[in-house]
Amino acid sequence: MVRFMKLLTRDERPPGEEPVSDLVPELEVSRAKRVRVLLAAACAPLLFSYTAVAAVLAMVSFAADRTRFSATGALLAAGPGWLASWQVELDLGGHPLGVLPLLPTFLAGWLVARAAARAARRVGGRTPADAVPVVTVIAGAHALFGVLIAVLAGGSPIDVNPLTAFCVPGLLAGLAAVAGVAKACGLPAAVRDRFDPVAVQGLRAGALGLAALIACGAVVFTAATALSWSTVDSLFEPGFGPSFGLFVLSVAYLPNAIVAALSFTTGPGFSVGPLTVGMFGYQEGQVPGVPVLAGIPSHHAVWWPALLLLPALVGALVGWRIRAIDEDPMLRMRAVAVAGALVAFGCVILGTVSGGRLGDGPFDPVSVPVGVASVIAFCWIVVPGGFVAFFAGAHEAPEPPGEPEVEDIAEVEEEAEPAEEPEALEDEALDEEAEAELAGELGEDTDEVPEEPEPETEPEQDDAVTESTDGSGDESAPGDDR
């Protein structure tokens, strides 16, 4: 067996021509593979979302009473349903339907984001430039599919504007694809490099604030629905078919209701036809018999303004998040302003997509005052958030009175030195002139009367030594004579 394996693995090439390694890593993805990956990323979420819409419509029609189930009819109706899931306004027999459910939109966007992220990893995307083909192919496929459905729906009771069917799905799918490829292609790092760090911190805090406001709306909606559970129960019919259809409709419109509750919690409120529900105002009107709207109150309550504590706490949370980003209070205030602008923009987007036309009946239109809601949301973030960020953050210690800093003393000395230099130069010039004059006078006197040299101390010592030696010599001389 070992001999047989050696024969199979023996290299017939002459020595010196063996490859270094048979496993050569593929540095670049082949063009064919790239095309396959991009087409799969574009078509997979599109077909899956279309199939899901068709399945839901088939189940609702199958469960409903006094209706005849048709698979072909469900597939045909899935086209306008797919456009509705991408927030494309429909026209039902001349009556506009613009208030469309947001939950299918979020689910479809999530599918697109996952497909885009998987495609970016498979093609080896590492830079923002690698995200361009992925986003372009996905957005283009959804735009073309939308306009195809609009063209095929022409002449049916459901009419769709082809331009809207082309632009809206393509735009939303492109945004979802960007969100999907952001991490794989390094888009957050590119944004951080191009934006001011203070602005980036403000954007992060703004995203936190927007999520907290949505959570407040969800809490208020849940509490109102729980307190009106008897009304919710009465809206469901005894049969399974109609109840199932109302349940699916309520679940699909659940994000819309949360956005309306968010607008009510911050103050502006919302309206359904003539019915207006606001924090400081209420106008009566009819309410659609849908369980998701069972929590709408029938009259104004005095305690409603107490709910304004929730957005105030959200603003304080944003300020607490920003308090430690910098020691300069003004930079923290700028970050709070950026966070407030992001929250206001988010409220504009949510309020726009959550409302719309609802036929020409008594419940038309369903709307949120977008302009007022955005301004008030900005104030809820900036006012309490700025207060907390300014006073809860770090501040420079005040200078003690009467004790100037070392830097200030050095600056004063440096400023004082140049002022004294001209005077010093003038004094030195005067001294030099005086010395020159004195030297001249002394020179004249020395010519007339020569100076006597001063006796030096060293010669005196030498003389004394000489005298002593001379004396000693004289004393020895008489001895010699003797």
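The structure contained in this document is the topic of the report that follows. (Residues numbered from 1 in each chain as written. Predicted model: local features only at pLDDT ≥ 70, side-chain atom pairs only at ≥ 80, totals over all residues. Heavy atoms only, no water.)

Quick look at the overall build of the chain
Which entries qualify depends on this criterion: Put simply, DSSP H or I for four residues or longer makes a helix, DSSP E for two residues or longer makes a strand, and each gets a number counted from the N terminus. Burial classification: accessible surface area is computed with a 1.4 Å probe over protein chains only, and a residue below 20% of its type maximum counts as buried, one above 50% as exposed, and the rest as partly exposed. Any two residues whose heavy atoms approach within 4.5 Å at even a single point are treated as in contact. Note on areas: Shrake-Rupley with a 1.4 Å probe; residue coverage comes only from the protein chains shown.
In terms of regular secondary structure, the chain is built from 16 helices and seven strands. When the 482 residues of the chain are sorted by exposure, 33% land in the buried category. Within the chain, contacts between residues at least 6 apart in sequence are counted, and of these 74% link residues at least 24 apart. Split by element, the accessible area of the chain, about 29,700 Å² in all, is 64% carbon and sulfur.

Digging into unusual backbone geometry
Look at the link from Asp364 to Pro365: it is a cis peptide, with omega at -5°. Take Pro365: it is sitting in the loop between helix 13 (329-354) and strand 7 (366-367).

Considering helix 2 (residues 31-63)
Condition: By definition here, a helix of n residues has an expected span of 1.5 Å times n minus one.
An ideal rise of 1.5 Å per residue puts 48 Å on 33 residues; helix 2 measures up with 48 Å between its terminal C-alpha atoms. All of the buried residues in helix 2 are Val37, Leu38, Ala41, Ala42, Pro45, Leu46, Ser49, Val53, Ala54, Ala58 and Ala63. Here the buried face of helix 2 lies against helix 3 (71-85), helix 4 (103-122), helix 5 (128-152) and helix 10 (240-252).

Some details on the sheet that holds strand 1 (residues 90-92)
Going by this rule: Two strands pair under a simple rule: DSSP has to find at least two bridges between them.
In spatial order, the strands read 2-1-3; together these three strands make up an open sheet with antiparallel pairing. Two strands bound the open sheet, and with one partner strand each, they are strand 2 (95-97) and strand 3 (158-159). For strand 1 and strand 2, the ladder comprises three bridges, and the chain directions are antiparallel. Paired with Leu92 across the strands is His95, a residue of strand 2.

Focus on the sheet that holds strand 6 (residues 282-283)
An order of 6-5-4-7 is seen for the four strands of this open sheet, with the pairing classed as antiparallel. The outermost strands of the open sheet, each flanked by one partner alone, are strand 6 and strand 7. With three bridges joining them, strand 4 (residues 270-272) and strand 5 (residues 275-277) adopt antiparallel strand pairing. Considered in strand 5, the bridge of Ser271 is made with Thr276.

Description of helix 10
Relative to the 18 Å expected for 13 residues at 1.5 Å per residue, helix 10 spans 18 Å between its end C-alpha atoms, a close match to the ideal helical length. Gly241, Ser243, Leu246, Ser250 and Ala252 are the residues of helix 10 that are buried. Those residues of helix 10 that are buried lie in contact with helix 2, helix 4, helix 9 (229-235) and helix 11 (254-266).

Observations regarding empty space enclosed by the protein
In this approach the atoms are scanned with a rolling probe the size of a water molecule, which exposes any empty space left behind. Convention followed: Using a grid of 1 Å spacing that covers the protein atoms alone, one calls a set of points a cavity when a 1.4 Å probe fits there but cannot get out, and a pocket when the set is open and has protein on both sides within 12 Å along at least five of seven lines; lining residues are those with an atom within 4 Å of a point. Grid points are joined across faces, edges and corners, and a volume is the space filled by probe spheres set on the points. Lys, Arg, Asp and Glu make up the charged group, whereas Ala, Val, Leu, Ile, Met, Phe, Trp, Tyr, Cys and Pro make up the nonpolar group; the residues left over, Gly among them, are polar.
Inspection of every chain in the model, using the stated rule, returns one cavity of 30 Å³ or more. For the largest cavity, the calculated volume is near 80 Å³. Taken together, Val259, Leu262, Ser263, Thr266, Cys347, Leu350, Gly351, Val368, Ala373 and Ala377 make up the lining of the largest cavity. Elements supplying a minimum of two residues to the lining of the largest cavity: helix 11, helix 13 and helix 14 (370-392). With four residues, helix 11 is the single largest residue contributor to the lining of the largest cavity. Classifying every residue of the lining of the largest cavity by side-chain character gives seven nonpolar, three polar and no charged.

Looking at the pattern of salt bridges
For clarity, the threshold we go by: By definition here, a salt bridge exists when the distance from a side-chain nitrogen of Lys or Arg to a carboxyl oxygen of Asp or Glu is within 4 Å.
Evaluation of the coordinates by the stated rule reveals three salt bridges. Between Arg357 and Asp360 there is a salt bridge; the shortest N-O distance is 2.9 Å. The class of Arg357 is partly exposed, set by a relative accessible area of 35%. Overall, the relative accessible area of 49% leaves Asp360 in the partly exposed class. Residue Arg357 is joined to Asp364 by a salt bridge in which the shortest nitrogen-to-oxygen separation is 2.9 Å. Within the structure, one salt-bridge network assembled from shared partners comprises Arg357, Asp360 and Asp364.

Quick notes on the nonpolar core
Convention followed: In this text, buried Ala, Val, Leu, Ile, Met, Phe, Trp, Tyr and Cys residues form a nonpolar core when linked through side-chain atoms within 4.5 Å.
In terms of nonpolar packing, the biggest core is built from 35 residues, with Trp82, Leu83, Val134, Ile138, Val160 and Val181 touching the most fellow members. If you list the elements that add at least two residues to this core, you get helix 2, helix 3, helix 4, helix 5 and helix 6 (162-181). Per-element accounting of this core gives the leading share, seven residues, to helix 5. Setting aside chain neighbours within four positions, we find Val181 in contact with Ala116, Ala117, Ala120, Ala131, Val134, Val135 and Leu187. Among the nonpolar cores identified, the runner-up in size contains 20 residues, and Leu213, Ala335, Val336 and Val343 belong to it.

Focus on the layout of surface pockets
If you add up the space inside the second largest pocket, you get close to 970 Å³. The wall of the second largest pocket is formed by 22 residues, among which Phe106, Leu172, Leu175, Ala176 and Ile349 lie closest to the centre. Looking at the lining of the second largest pocket residue by residue, the classes come out as 17 nonpolar, five polar and no charged.

Focus on the side chain of Thr265
To be explicit about the condition: Polar contacts, as used here, are pairs of N or O atoms within 3.5 Å; protein pairs need one atom able to donate a hydrogen and one able to accept it. Residues neighboring in sequence count only if both atoms are side-chain atoms.
By the element assignment, Thr265 lies in helix 11. In terms of polar contacts, Thr265 uses its side chain to reach the backbone carbonyl oxygen of Ala261, at 2.7 Å. Discounting residues that sit within four places of it in the chain, Thr265 has contacts with Cys216, Gly217, Val220, Met279, Leu307, Leu308, Leu310 and Pro311.

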